[in-house]
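# Examination of the molecular architecture
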Number of protein chains: 2
Amino acid sequence: MGSLNTNVLESNLGCGLNPLDPEEFRKHGHMVIDFLADYYRDIEKYPVRSQVEPGYLKKCLPDTAPYNPESMETIMKDIQTHIVPGLTHWQSPNYFAYFPSSGSTAGFLGEMLSTGFNVVGFNWMSSPAATELETIVMDWLGKMLKLPNSFLFSGNGGGVLQGTTCEAILCTLTAARDRKLNEIGRENIGRLVVYGSDQTHCALQKAAQIAGINPSNFRAVATSKKTNFGLSPESLTAAIVKDLESGLVPLFLCPTVGTTSSTAVDPIGPLCDVAKEYGLWVHIDAAYAGSACICPEFRHFIDGVESADSFSFNAHKWFFTTLDCCCLWVKDPSALVKSLSTNPEYLRNKATESKQVVDYKDWQIALSRRFRSMKLWMVLRTYGVANLRNFLRTHVKMAKHFEGLVAMDGRFEIVVPRNFAMVCFRLLSPADDGENGSADGRANELNRKLLEAINSSGRIYMTHAVVGGTYMIRFAVGATLTEDRHVNLAWKVVKEHADSMLNSIYS
Amino acid sequence: MGSLNTNVLESNLGCGLNPLDPEEFRKHGHMVIDFLADYYRDIEKYPVRSQVEPGYLKKCLPDTAPYNPESMETIMKDIQTHIVPGLTHWQSPNYFAYFPSSGSTAGFLGEMLSTGFNVVGFNWMSSPAATELETIVMDWLGKMLKLPNSFLFSGNGGGVLQGTTCEAILCTLTAARDRKLNEIGRENIGRLVVYGSDQTHCALQKAAQIAGINPSNFRAVATSKKTNFGLSPESLTAAIVKDLESGLVPLFLCPTVGTTSSTAVDPIGPLCDVAKEYGLWVHIDAAYAGSACICPEFRHFIDGVESADSFSFNAHKWFFTTLDCCCLWVKDPSALVKSLSTNPEYLRNKATESKQVVDYKDWQIALSRRFRSMKLWMVLRTYGVANLRNFLRTHVKMAKHFEGLVAMDGRFEIVVPRNFAMVCFRLLSPADDGENGSADGRANELNRKLLEAINSSGRIYMTHAVVGGTYMIRFAVGATLTEDRHVNLAWKVVKEHADSMLNSIYS
């Protein structure tokens with residue numbers, strides 16, 4: 001078929017046919033499935049971290065939207081030519097940066113179905129299946145994590161799917177804030193204090209800012225190498241007591257299970273004891289490491305959760321569910337509802353008035369919401385608990401293997417103990433005799449350069465963190481396609497770059 | 001192939017293969033595309049509003065997640081048997097409820113691609129294409145809407161894709177709040193006042209609650225039939241003056257273009273004049289009707305936008321882009337960034353430090369974000385400006401046609417003037433002689449019953465609103481598959497139910 005014919009055919013798509021014509025949908029849907037299957041098949045050929053320069057895309061695309069329709073073939077060609085080079089390939093088996101964003105076929109298919117149905121499940125009535133599947137799946141998952149019954153619907157708590165941890169924290173913080181202000185008066189909002197550690201994810205600080213907590217009342221309590229960068233209950237107590245002495249009102253504590261910098265774990269039980277004494281709402285942020293707790297051998301990391309008020313982890317990180325999908329459980333859903341509910345006339349309906357249903361709009365920031373439970377349900381059923389545990393264990397095993405490789409090479413060191421599937425390591429400075437502070441500065445600079453050289457090669461992608469003044473390279477295993485051979489290759493790439501860097505220093 | 005073989009084959013999927021194996025992905029991806037194409041083909045056979053009872057799904061599903069993997073065939077069968085009956089079919093051509101959630105093949109394919117790539121575009125570095133395509137598409141769309149250059153990146157403003165309007169309002173309100181508190185001192189948070197009308201979407205009230213605005217400082221300024229339920233500048237001025245006299249600080253105004261109850265339009269220009277005089281941040285919520293403003297004949301509804309601070313509309317409502325996709329433009333992105341930015345060490349990178357790039361994490365609540373611009377780009381290119389205008393005009397024409405049918409039947413009345421593609425109408429009470437208040441009560445009850453009877457039939461789905469004490473039925477055209485014949489059928493259904501209801505009254 002000549003290009004003229006193709007154009008004529010394609011321009012009919014926009015003009016004549018309905019934009020949701022089932023046969024056009026079928027034809028182009030199959031085309032995109034093949035495109036993505038080929039993308040996964042060939043993904044290793046792309047540099048993991050995108051190599052483009054700022055502003056690259058503006059040069060490739062016109063300044064205005066097209067007036068006339070363009071064919072799917074033209075658009076798909078542009079995606080391959082202009083978009084793919086600008087992607088950092090989070091699904092690449094050679095991706096070890098940040099935390100994983102582990103996709104899966106089941107997660108993808110669930111997302112397709114919820115996108116295809118495109119229902120807006122703000123309340124039960126607007127699509128009962130969306131609400132009911134979410135309550136069921138959240139109870140399933142809560143049981144897999146052995147959360148206490150008080151967090152499940154079956155125990156008068158309940159779970160809800162948020163977009164991200166920041167939203168989960170903002171919702172629970174708002175609930176905690178309003179509960180407290182109802183006791184002590186709205187005029188005291190400026191006295192409320194929020195506590196995390198200097199390792200807590202920036203989501204807490206942002207949520208506090210948005211919720212109107214005075215920025216000077218945000219406490220990032222210092223941690224140290226002594227506690228492996230976990231928040232110590234003694235430091236927390238000291239911070240709370242000091243604030244009380246200043247006439248402030250301790251409100252909210254957010255301990256972390258698996259910090260972003262180093263996967264440190266705050267001691268949940270002892271911290272909850274402190275929080276209980278002073279009447280704080282405790283939200284546990286297990287964004288990354290929560291998923292591992294479905295394995296009995298990791299469950300102890302959340303021991304003490306029964307004393308917390310809320311708990312969240314991101315199924316879109318290390319649980320094979322595509323972005324976005326943050327699982328939040330609360331003991332007292334009515335606290336959320338009191339802060340977040342709105343009841344306009346145009347949403348009134350019999351089911352809501354019967355009080356027999358959950359209306360999730362009152363458990364989150366937004367009114368509209370996607371049918372997110374579909375993808376989580378697909379993941380749980382397609383793989384089953386046994387395989388999900390095995391997948392996670394495989395990642396941990398690969399990280400352990402990498403850790404072993406690093407430990408065997410005297411030029412490197414493991415900076416903090418590995419808890420899950422991330423290894424924090426660094427190259428020791430050849431001149432790092434430990435005798436003065438500047439040696440550490442040299443080591444930091446060396447590792448900064450090493451990491452940039454590795455990432456610029458495009459062969460693997462890792463990112464960094466600084467804890468206790470030490471710059472370290474984070475090797476986070478968890479991309480779904482990663483196998484042993486990729487981990488071995490990654491170590492080879494690290495060593496090659498280290499060799500060449502050390503040689504250039506000595507030469 | 002016997003069922004035993006199928007089970008053996010399928011159980012290998014979870015156990016042996018990688019959950020992102022390209023060939024499994026291809027096979028099951030095609031299966032789901034066919035499922036959805038068939039769903040659209042057959043969608044008219046389902047009752048539009050789900051007919052299930054609260055708790056129906058719990059009876060169909062087990063109490064715990066499966067330990068072993070289940071086959072895709074089993075899961076898809078459950079979706080057809082248990083999930084589809086619990087859906088309210090927002091994509092049905094007979095769906096006229098709330099506002100549309102208009103899907104399209106292009107929007108769906110864009111969502112598939114962004115889900116397939118599954119990149120996390122929190123900053124430029126994490127996937128340059130995701131950020132750059134968003135800036136380009138937001139400028140394209142801003143030009144289509146003839147937004148002033150000051151809202152575009154090319155004019156030092158800029159656009160960002162949020163999930164929902166509530167998020168857009170919360171982000172701009174937080175920015176406005178912090179700008180004001182930096183002037184007058186944080187301790188004055190309790191004096192800040194937020195203004196909307198009694199027709200403003202509940203998202204404003206919720207955003208104000210979350211942002212820590214004192215609930216007693218939220219003004220839902222009264223509207224009336226005289227202004228077709230638009231907010232009058234005089235009423236706004238009066239409210240502001242009264243608050244100033246009480247020592248409060250006017251902060252934020254949210255006028256609406258196309259209210260949820262009746263698609264009323266607040267007079268943007270005059271309201272901005274008032275806001276300017278008193279130093280309020282103006283955010284224009286055009287969630288529903290913004291899209292229509294790409295047509296020259298509707299553009300006048302947002303005249304005056306050049307004086308506002310921010311503007312948003314939902315591409316996931318009436319713009320063929322699947323949920324979620326709220327387009328927000330701001331004149332002063334630095335105000336957002338000042339309130340919402342966080343700069344942890346683990347996200348530090350050269351591109352950010354060069355200040356040549358946009359890091360969208362600082363323009364929104366969450367850190368993580370999906371590659372939403374992909375679907376919007378696909379929609380704009382696949383249909384082109386000309387067809388998008390035509391699609392919207394077709395919906396408006398269908399609404400006009402329905403309006404004509406209602407107007408020709410003396411038993412009914414159009415309650416408020418139609419602005420876009422929604423008709424607000426009601427059945428007049430046979431005893432409605434207009435002589436006393438209780439006649440209105442009877443009419444309200446009659447229409448409540450009529451609507452419930454119609455929706456229970458499953459043939460079409462509409463919802464209601466109450467404005468100025470009048471209960472009315474909202475007929476919102478905009479589902480992508482709706483054609484003239486569906487509108488004619490809808491009127492036939494309305495008349496049949498009205499006939500039978502009136503007959504039963506008279507008999």
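Residues numbered from 1 in each chain as written. Chains lettered and ligands numbered in written order. Predicted model: local features only at pLDDT ≥ 70, side-chain atom pairs only at ≥ 80, totals over all residues. Heavy atoms only, no water.

### Here's the deal with the overall build of chain A
- Per the secondary structure count, chain A includes 15 helices and 11 strands.
- For chain A, the C-alpha radius of gyration of 25 Å lies close to 23 Å, the compact-globule estimate for 507 residues.
- Within chain A, the fraction of its 507 residues that count as buried is 68%.
- Looking at chain A alone, contacts between residues at least 24 apart form 74% of all its contacts between residues at least 6 apart.
- Total accessible area computed for chain A in this model is approximately 16400 Å², and 52% of it derives from carbon and sulfur atoms. (Helix = DSSP H or I, 4+ residues; strand = E, 2+ residues; numbered from the N terminus. Rg over C-alpha atoms; globule rule 2.2 N^0.38 Å. Buried < 20%, exposed > 50% of the residue type's maximum accessible area, 1.4 Å probe, protein only. Contact = heavy atoms within 4.5 Å. Areas by Shrake-Rupley, 256 points an atom, 1.4 Å probe, with all protein chains shown as cover.)

### Side note on the sheet that holds strand S11 (residues 470-476) of chain B
All names here are of chain B.
- Across the sheet, four strands lie side by side as S8-S9-S11-S10; this open sheet has antiparallel pairing. Strands with a single pairing partner mark the edges of an open sheet, and in this sheet they are strand S8 (412-414) and strand S10 (463-467). Across the sheet, the mean angle separating the axes of adjacent strands is 40° when strand polarity is ignored.
- In the sheet, S10 pairs with S11 via five bridges, with the strands oriented antiparallel. (Pairing = 2+ DSSP bridges. Axes fitted to C-alpha atoms, helices over the stretch in contact; angles between N-to-C directions.)

### Things to note about helix H4 (residues 105-117) of chain B
Residue and element names in this part refer to chain B.
- Between its first and last C-alpha, H4 extends 18 Å over 13 residues, near the 18 Å set by a 1.5 Å rise per residue.
- For H4, the buried fraction is high: 13 of the 13 residues fall into the buried class.
- One or two positions beyond H4, positive phi appears at asparagine 118, with a value near 50°. (Expected span 1.5 Å × (residues − 1).)

### Brief notes about the side chain of B:Ser114
Residues and elements named next belong to chain B.
- The topology assignment puts serine 114 in helix H4.
- Taking relative accessible area as the criterion, serine 114 reaches 7% and is therefore assigned buried.
- The residues touching serine 114, leaving out its near neighbours within four places in the chain, are Val119, Arg370, Phe371 and Met374.

### Regarding the packing of helix H8 (residues 233-245) of chain B against helix H9 (residues 268-278) of chain B
Residue and element names in this part refer to chain B.
- The geometry of H8 relative to H9 is characterised by a closest axis approach of 9 Å and an angle of 15° between their N-to-C directions. When the axis of H8 is compared with that of H9, the two are roughly parallel. Crossing of H8 over H9 shows right-handed handedness. Across the interface between the two elements, Pro233, Leu236, Thr237, Ile240, Val241 and Leu244 of H8 pack against Pro270, Leu271, Val274 and Tyr278 of H9. (Parallel < 35°, antiparallel > 145°, perpendicular 65-115°, else oblique. Left-handed = near helix turned anticlockwise from the far one by under 90°.)

### Overview of the nonpolar core
- With 311 residues, the main nonpolar core has A:Ile79, A:Phe117, A:Trp329, B:Ile79, B:Phe117 and B:Trp329 as its most contacted residues.
- When residues no more than four places from it in sequence are discounted, the contact partners of A:Ile79 are A:Phe35, A:Val84, B:Leu113, B:Phe117, B:Met374, B:Trp377 and B:Met378.
- Membership of the second largest hydrophobic core comes to 74 residues, among which are A:Val160, A:Ala208, B:Ile169 and B:Ala366. (Core = buried A, V, L, I, M, F, W, Y, C linked by side-chain atoms within 4.5 Å.)

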